Amino acid sequence: MPIRSTPEPFAPGTPPDRDTLLAYAEGRLDDAQQHAVEQHLEADPMLREAMEGMTMPGAMGALPKLDRMRPYTKPWAPWTLAGMLVIVAGAWLILSPILERQEPAMTILPEQPVVADDPIELNIPLEVTEIDAAVEQPESLRIGHLTSDRHIQQAASATSVEREPVPERIIGGSMPKDLGKPPAPPIPEKGPRTVTRLIYLQGFKLAHPDDLRYKDPHNVGPGGSVRARFEDRHAQDAAEDPHRTMGYVPFMDRALTRFKRNDHKGTLEELRHLMEQFPDDVNALFYAGLCCYNLGMYQHARALLHRAATHAVPVFDEEAAWYHALTLERLGEHTAAQEAFGRIAAQGGFYAAQARTMAR
Amino acid sequence: MFLRRKHTADTSDEELVLRLCGGEREALGHLWDRYAHLLFGIGMKYLKDVERSKDTVVELFADLPGLLAKHHVDRFRPWVHTVMRNRCLLAFRSDRSTTQYDVERSEGEEDPTAGEAMLREATLERLEMAIAALNADQRACIQAFHLERLSYAQVAERTGQTIEQVRSHLQNGRRNLRLTLLRHADQKHT
């Protein structure tokens, strides 16, 4: 492209505001918006370093807490305070008869984790028969499909994903022996880790498989045990029928295609295969949790979403916490649900407003 | 006026610094709004710890009035960047050694953004000449990113490189452009 056709090629435009930077870090911008931010990243070393740090685990979630430490807030003028008191008193006079008829106000519990410890068993085996017997919930009860949901891409701004050619379907119920690049169960580490990239498949957010940490899949997973006569899984696999293999990205792409079509059983069956081999895969945990909810398998949804919300790779922490709270509500555990909504509202995140609405 | 609001969006950082030095504490809040999240990100990069990063930002802002009274700051942005980075490095190193140095020492440091001005002000002919002199990878990345306005991901897809390689070629390419333009300017003067 001739240089003359590009006005001021090295001059960044208006500096990105905080919201734009956060949207960039979360991969929610389209290509042109991404480029605008990246021009600033190229020109501004401070912004570059800051963005590197902001993509580290826990950084985004900590920003609302940081905001509360703002050093200076303009003091209220006495006449403003007096005016506010008059307004509050008037509102109280009008609303108090209504409020007295309602349940006590929800207790907001600031500075607490978004998801509290859940006393239930978190590793409930997901049986094929259960999935077969499950019934799709009515559309009005489904979750995870609204375009305004946090895990759904807001614009036509897919982060480029180098797609692997889609091989044939994995045969029968056998496990994928090797999913191309190791399809990663994220293994929590002691130190902080950097999750630098998100990808979107079928418009749904995923942690990039390259940014998850893998261990050799050949000795992992329930049902994936190695029989005594074999030295390890490699030896066992070598002695058995060959499996078809599939890369992680096309595998998830196919699963999410089904999810997009509201085929929650099909999606769950796919993800179940993945979780058998990689039981701690955060992408599978989250979307399997949504599927279980939409199939009325609420105990499974509760366990899966809790694990996604508290996962060492904090890609779905906010969304999963929100859906976990909804699951508690569906299970009739109203006290726990109300506490969960209270925590989400107090955190001031993406679902805070909806959590306030749900809280009574 | 009940609804009167003071607009500070157009106020420069340096003006806010002047106001703060003049005792107007509200300016500190405005500087916080502009920089706290960026400084926190820098803290995360170096310290890799949410709580320590938050503490470092809060401490820096607590010290800011005193520091600004002590140092003459021409440009706030690079200065506060350097101060934050030095504090992080000091905290990072103090975990392992007792090395001390003046963490607020930043006067006279080169503004890292200054070199960008040369690129923006260069004539088109000189830029074209300088871009043509780059190696193939750097030229491809500079052209795609700066002239065609593609994102990192798009440039990476087109060139078959990783995003990190693209960023590296862009940075090295821009440095080489600056050097070429500088050499050209020197030759013209002599």
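Everything numeric here is computed off the predicted structure, so don't read it as measured data.

## What to know about the overall build of chain A
For chain A, the count of helices and strands is 14 helices and 2 strands. Residue burial in chain A is summarised as follows: out of 360 residues, 36% are buried. Taking the contacts inside chain A whose residues are at least 6 apart along the sequence as the reference set, 71% of them involve residues at least 24 apart.

## Looking at the overall build of chain B
Within chain B one finds 9 helices and 0 strands. The helix and strand sequence of chain B, counted from the amino end, reads α-α-α-α-α-α-α-α-α. Buried positions account for 36% of the 190 residues belonging to chain B. A sequence separation of at least 24 residues applies to 60% of the contacts in chain B between residues at least 6 apart.

## Digging into helix α9 (residues 264-277) of chain A
Residue and element names in this part refer to chain A. Compared with the 20 Å implied by 1.5 Å per residue over 14 residues, the 20 Å span of α9 between its first and last C-alpha is a close match. All of the buried residues along α9 are His 264, Thr 267, Leu 268, Glu 270, Leu 271, His 273, Leu 274, Met 275 and Gln 277. Next to the buried residues of α9 lie α6 (128-133), α8 (248-260) and α10 (282-294).

## Section: the environment of A:Asp210
Residues and elements named next belong to chain A. Within the secondary structure, Asp 210 is located in the loop between β2 (204-207) and α7 (233-239). Taking the number of C-beta atoms within 10 Å as the measure of exposure, Asp 210 has 16 and is therefore partly exposed. Sequence separation between Asp 210 and Arg 197 is 13 residues; the distance between their C-alpha atoms is 8.6 Å.

## Here's the deal with helix α11 (residues 298-309) of chain A
Residues and elements named next belong to chain A. The terminal C-alpha atoms of α11 lie 16 Å apart, and with 12 residues this matches the ideal 16 Å at 1.5 Å per residue to within 8%. Of all 12 residues that make up α11, 10 are buried, and the element is covered over most of its length. Of all the residues in α11, the buried ones are His 300, Ala 301, Arg 302, Ala 303, Leu 304, Leu 305, His 306, Arg 307, Ala 308 and Ala 309. Buried residues along α11 sit against α10 and α12 (317-330).

## Thoughts on the confidence of the model for chain A
All names here are of chain A. Scored by pLDDT, chain A has a mean of 74; 64% of the residues are at 70 or more. The lowest-confidence element of chain A is α7, averaging 68 in pLDDT; the highest-confidence one is α10, averaging 93. Low pLDDT, under 50, characterises residues 103-112; the predicted model gives this stretch 15 contacts beyond four residues in sequence or across chains. For residues 215-223, every residue scores under 50 in pLDDT, and the model assigns this stretch 22 contacts once sequence neighbours within four places are set aside.

## Concerning the packing of α9(A) against α10(A)
Residues and elements named next belong to chain A. Running from amino to carboxyl end, α9 crosses α10 at an angle of 145 degrees, the nearest separation of the two axes being 9 Å. The crossing of α9 and α10 is left-handed. Between α9 and α10, the contacting residues are His 264, Thr 267, Leu 268, Leu 271, Leu 274 and Met 275 on the first element and Ala 284, Tyr 287, Ala 288, Cys 291, Cys 292 and Asn 294 on the second. Of the residues belonging to the contact of α9 with α10, the class tally is 9 nonpolar, 3 polar and no charged.

## Topic: the pairing of strand β1 (residues 198-201) of chain A
All names here are of chain A. Because side chains alternate across β1, one face comprises the buried residues Ile 199 and Leu 201, and the other comprises Leu 198 and Tyr 200, none of which is buried. Here 4 bridges tie β1 to β2, and the two strands are oriented antiparallel to one another. Bridge pairing in β2 links Leu 198 to Ala 207. Linkage of β1 to β2, two consecutive antiparallel strands, is achieved through a turn of 2 residues, within which Gln 202 is found at a positive phi near 55 degrees.

## Quick look at the nonpolar core
A:Tyr287, A:Ala288, A:Cys292, A:Ala308, A:Ala325 and A:Ile344 are the most contacted members of the largest nonpolar core, which has 55 residues in total. The greatest single-element share of this core, amounting to 10 residues, is contributed by α10(A). The contact partners of A:Ala308, leaving out residues within four places of it in the chain, are A:Val282, A:Leu285, A:Phe286, A:Gly289, A:Phe316 and A:Ala320. Among the nonpolar cores identified, the runner-up in size contains 44 residues, and A:Ala25, B:Leu16, B:Val50 and B:Trp79 belong to it.

## A few points about the confidence of the model for chain B
Residues and elements named next belong to chain B. Residues at a pLDDT of 70 or more form 77% of chain B, whose mean pLDDT is 80. Low pLDDT, under 50, characterises residues 1-5; the stretch is placed with 0 contacts to residues that sit more than four places away or in other chains. For the stretch residues 97-110, pLDDT sits under 50, and the model shows 14 contacts to residues farther than four places along the chain or on other chains. The ipTM assigned to the predicted complex is 0.73, against a pTM of 0.44.

About the criteria used
Residues numbered from 1 in each chain as written. Chains lettered and ligands numbered in written order. Predicted model: local features only at pLDDT ≥ 70, side-chain atom pairs only at ≥ 80, totals over all residues. Helix = DSSP H or I, 4+ residues; strand = E, 2+ residues; numbered from the N terminus. Buried ≥ 20, exposed ≤ 12 C-beta atoms within 10 Å, placed from the backbone. Contact = placed C-beta atoms within 7 Å. Expected span 1.5 Å × (residues − 1). pLDDT = per-residue confidence, 0-100. Axes fitted to C-alpha atoms, helices over the stretch in contact; angles between N-to-C directions. Left-handed = near helix turned anticlockwise from the far one by under 90°. Nonpolar A, V, L, I, M, F, W, Y, C, P; charged D, E, K, R; others polar. Pairing = 2+ DSSP bridges. Core = buried A, V, L, I, M, F, W, Y, C linked by C-beta atoms within 7 Å.

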